[in-house]
Amino acid sequence: AVFDQLSISLENAWKKLANEDKITSDNIKEPMKEVRRALLEADVSLPVARRFVTNVQSKAIGQEVAKGVKPQQQLIKVVADELKALMGLELAPLVYSRIGPTVILLAGLQGVGKTTAAGKLALYLKKQDKKVLMVATDVYRPAAIDQLVTLGKQVDVPVFEMGTTAKPPEIARKGLAEAKRIKADVVLVDTAGRLQINKDMMNELKEIKKAVKPTEILLVVDAMTGQEAAGLVASFNQEVGITGAILTKLDGDSRGGAALSVKEVSGKPIKFTGEGEAMTALEPFYPERMAQRILGMGDVLTLVERAEEAMMTEESARIAERMMSAKFDFTDMLKQTEMIARFGSMSAFLKLMPGMNKLSNTEIREAEKNAKTMRAVIHSMTVDERAKPDLLASSPSRRRRIAKGCGKTERQVSEVIQQLFTMRARMQNLSAIMSGKTAMPGMG
Ligand code: GDP
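Residues numbered from 1 in each chain as written. Predicted model: local features only at pLDDT ≥ 70, side-chain atom pairs only at ≥ 80, totals over all residues.

**Focus: the overall build of the protein chain**
So, point 1. Across its full length, the protein chain carries 20 helices and eight strands.
So, point 2. Expressed as a percentage of contacts within the protein chain between residues at least 6 apart in sequence, the contacts between residues at least 24 apart total 73%. (Helix = DSSP H or I, 4+ residues; strand = E, 2+ residues; numbered from the N terminus. Contact = placed C-beta atoms within 7 Å.)

Here's what the structure looks like:
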């Protein structure tokens, strides 16, 4: 999945500081080489990678560090902050018009996932209690209009279209009038996708822009195109003036460079990411969460939100909280499997989990199988053991007893225990590094 390779390479960078007790201009060279290589491999452009490394280096060297913070952790924290800054620091929310319907123009090359993004965005807005109207202006491909109509039915949002004979700016204008008539809050205008950027495409966009005065012009770009995506956002911005980007297909094998470069290269923020073909697979782009994901720390916050969305009980929210506090024990782990069941799919869940977001599909299937074993093993533990996993780590006889009790091998028992400790370690790292509580001077 996206960022896998980047996370692994970055971990190699931290390892180079394992035996140091302080970051110096000397011992930071090797890890920074590694970071630079990792960024380039993720398809971040050379100037961006260079600037990034220089910034990290100057911030990390000679920095006062709180007691107990290892140079490794210190570097991770600086890199995390710098990644966040690179991606724009904060969420760039959608802007709504205060007079009349908010018009959002969607632009993009063919095949990037623009029409899909329109449907997703319509659903997203609907969930925010907005009344939405979609407008189909791609008169060059009748199939594109049909596709939007189909998606509209799927998410239960009306689509305004005038077939393929009217001119796009005209359709957009009439669409806006219709939106006013039905008192819609948001009008999503889907524009024509072309195979490449050309003058006609830009001119048409400018005309539509003039006709409906959009509050947002979002360029949809495909994460698989890496650096190119960032360049595309920059040139569209120069030509038409856009307000942000939607980065699609971040669930695929993309190396993630686009997520890192768009803001830096174009000056425009990514506002949403598409992470799948389903209409629900759209997420607001939080630089901080993305940085955590890149560093292999999972995305606990999105997990919590999704959990809430799935109407989970207070208890599930509490488990998620426990995960973040690194006090997670076997009772929580057991309840977590119930939560996964309600979450829909194991893979959707694991993708967001610290330490588990790098699993391959085969490993996920394996994990599904293991969940059964895990439940059996935990059921054979005493209440005390569930609350104090250390008891089991230090006692082979307890592990033997549990293995007998549930009919599993000792190795399987040990694996379940190991799994809990791996998760805890990840969480500890996460809270130590990312939380303000142990913030190091001059940071946060
Ligand atoms: P358009 O030509 O830009 O309108 O592209 P479409 O919306 O028709 O999407 C092209 C293909 O990409 C379709 O098969 C979509 O299902 C797929 N697609 C769109 N968004 C995503 C995404 O976020 N993830 C994945 N995996 N596929 C996507």
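The rest of the description comes next.
**So, the site of the ligand**
So, point 1. Surrounding the ligand, one finds 18 residues, the nearest of these being Gly113, Lys114, Thr115, Thr116 and Gly274.
So, point 2. Here the shell around the ligand gets three residues from one element, more than from any other, and that element is helix α5 (residues 114-127).
So, point 3. Broken down by class, the residue content of the shell around the ligand amounts to two nonpolar, 11 polar and five charged. (Near = placed C-beta within 6 Å. Nonpolar A, V, L, I, M, F, W, Y, C, P; charged D, E, K, R; others polar.)

**Topic: the nonpolar core**
Taken as a class, soluble globular proteins show a tendency for nonpolar side chains to be buried jointly.
So, point 1. Formed by 99 residues in total, the largest nonpolar core has its most connected members in Met134, Val187, Leu188, Val189 and Leu247.
So, point 2. Sorting elements by how many residues they give to this core places α5 first, with seven residues.
So, point 3. Counting the residues that make up this core, at least three belong to each of domain 1 (4-86) and domain 2 (102-294).
So, point 4. Among residues more than four places away in sequence, those in contact with Leu247 are Val221, Ala223, Ala229, Ala258, Ala259, Val262, Ile270, Thr273 and Gly274.
So, point 5. In terms of nonpolar packing, the next biggest core, distinct from the first, is built from 13 residues, Phe330, Met381, Leu392 and Val413 among them. (Core = buried A, V, L, I, M, F, W, Y, C linked by C-beta atoms within 7 Å. Buried ≥ 20, exposed ≤ 12 C-beta atoms within 10 Å, placed from the backbone. Domains from an automatic or database assignment.)

**Let's talk about unusual backbone geometry**
So, point 1. Not every positive phi belongs to a glycine, and Leu89 is a case in point at roughly 65°.
So, point 2. Following the sequence through the fold, Leu89 ends up in the loop between α4 (71-86) and β1 (102-107).
So, point 3. Judged by the 13 C-beta atoms lying within 10 Å of it, Leu89 falls in the partly exposed class.
So, point 4. Positive phi, close to 45°, is recorded for Lys213, a residue that is not glycine.
So, point 5. Along the chain, the position of Lys213 falls in the loop between α8 (199-212) and β5 (216-222).
So, point 6. C-beta crowding within 10 Å serves as the criterion here: with 12 such atoms nearby, Lys213 is assigned to the exposed category.

**Looking at the UniProt feature "domain: SRP54-type proteins GTP-binding" (unreviewed entry) in the protein chain**
So, point 1. Under the present numbering, the feature "domain: SRP54-type proteins GTP-binding" (unreviewed entry) in UniProt falls on residues 269-282.
So, point 2. Within the segment residues 269-282, helix and strand shares are 0% and 43% respectively, and the terminal C-alpha atoms sit 16 Å apart. (UniProt positions renumbered as here; feature names shortened; annotations may be inferred.)

**Some thoughts on the environment of Ser254**
So, point 1. Here Ser254 lies in the loop between β6 (244-248) and α10 (257-266).
So, point 2. The spatial distance from the C-alpha of Ser254 to the C-alpha of Leu282 is 16 Å, given a sequence separation of 28 residues.

**Side note on the packing of helix α7 (residues 168-181) against α8**
So, point 1. With their axes 8 Å apart at the nearest point, α7 and α8 run at an angle of 25° to one another. With respect to α8, the axis of α7 lies roughly parallel. The interaxial crossing formed by α7 with α8 has right-handed handedness. Counting all contacts with α7, which are made through Pro168, Pro169, Ala172, Arg173 and Leu176, the residues of α8 involved are Glu204, Glu207, Ile208, Ala211 and Val212.
So, point 2. Grouping the constituent residues of the contact of α7 with α8 by class yields seven nonpolar, no polar and three charged. (Axes fitted to C-alpha atoms, helices over the stretch in contact; angles between N-to-C directions. Parallel < 35°, antiparallel > 145°, perpendicular 65-115°, else oblique. Left-handed = near helix turned anticlockwise from the far one by under 90°.)

**Quick notes on the pairing of β6**
So, point 1. Where burial is concerned, most of β6 is hidden: five out of the five residues are buried.
So, point 2. Side-chain alternation along β6 places Gly244, Ile246 and Thr248 on one buried face and Ala245 and Leu247 on a second face that is also buried.
So, point 3. Judged from the five bridges that link them, β5 and β6 form a sheet pairing that is parallel. Looking at β6, one finds that Asp222 is bridged to Thr248. (Pairing = 2+ DSSP bridges.)

**Quick word on the sheet that holds strand β8 (residues 282-284)**
So, point 1. An order of β3-β2-β4-β1-β5-β6-β7-β8 is seen for the eight strands of this open sheet, with the pairing classed as mixed. Of all strands in the sheet, those with a lone pairing partner are β3 (159-160) and β8, marking the two edges.
So, point 2. Where β1 meets β5, four bridges bridge the pair, whose relative direction is parallel. Pairing of Ala107 across the sheet is with Leu219, part of β5.
So, point 3. Contacts from α5 reach β1, β2 (132-136), β4 (186-190), β5, β6, β7 (270-274) and β8 within the one sheet, and its direction differs from that of β4 by about 175°.
So, point 4. The sheet strands contacting α10 are β5, β6 and β7, and the helix crosses β6 at an angle near 175°.

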